[in-house]
Amino acid sequence: IGGRECSPVFLHELHYLLLMGFSHSNRTIVRRTGALGLLPGQPKILEALTAYDGCTQKELAQVCALDKSTVTSVLSRMVAQGLVHKEACADDRRAARIYLTKSGRQQAQAVAEIFHAVDARALAGISEADRAQFLRTFSAIIQNLNTLEGEET
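Residues numbered from 1 in each chain as written. Predicted model: local features only at pLDDT ≥ 70, side-chain atom pairs only at ≥ 80, totals over all residues. Heavy atoms only, no water.

### As for the sheet that holds strand β1 (residues 55-56)
Piece 1. Taken together, the 3 strands give an open sheet; going across it, the order is β1-β3-β2, and neighbouring strands pair in antiparallel fashion. Each of the sheet's edge strands pairs with one partner strand only, and the pair in question is β1 and β2 (84-88).
Piece 2. Pairing analysis gives 5 bridges linking β2 to strand β3 (residues 96-100), with the strands arranged antiparallel. The partner of K86 across the bridge, within β3, is I98. (Pairing = 2+ DSSP bridges. Helix = DSSP H or I, 4+ residues; strand = E, 2+ residues; numbered from the N terminus.)

### Points about unusual backbone geometry
Piece 1. Within the chain, A65 stands out as a residue other than glycine whose phi angle is a positive 55°.
Piece 2. With respect to the element layout, A65 can be found in the loop between α3 (57-64) and α4 (68-80).

Here you go:
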């Protein structure tokens, strides 16, 4: 890099590997889902609604690890595109439930195929046992990192 070599330790630090893994995966996903006419953030919401159709915006923000204002902005575009529709909650008229439309379900299926292909490429050549162990370990890492939220710096 710039004529200098990076320390081998730096290249194997967890924070760096997380960043690089996300960066490579996200660029590919954004490029492929962009070809479907989707904007960043929309594929994640489509995936979440496949599992939690009818959830509230607050729940969607939690599932997608996005802040509420980002979800509001992304959903506004998705409503305009005909991918989702909102219905007022019967028990809380201030909240809305979000549902996939027929078009949204079709796009969600295409997104699922893209996610599956990217995951398959990322895990190519790795045994099933190693994949399972990695996913268990990575889930534990995420749980550990969740405890950092809200801590004072």
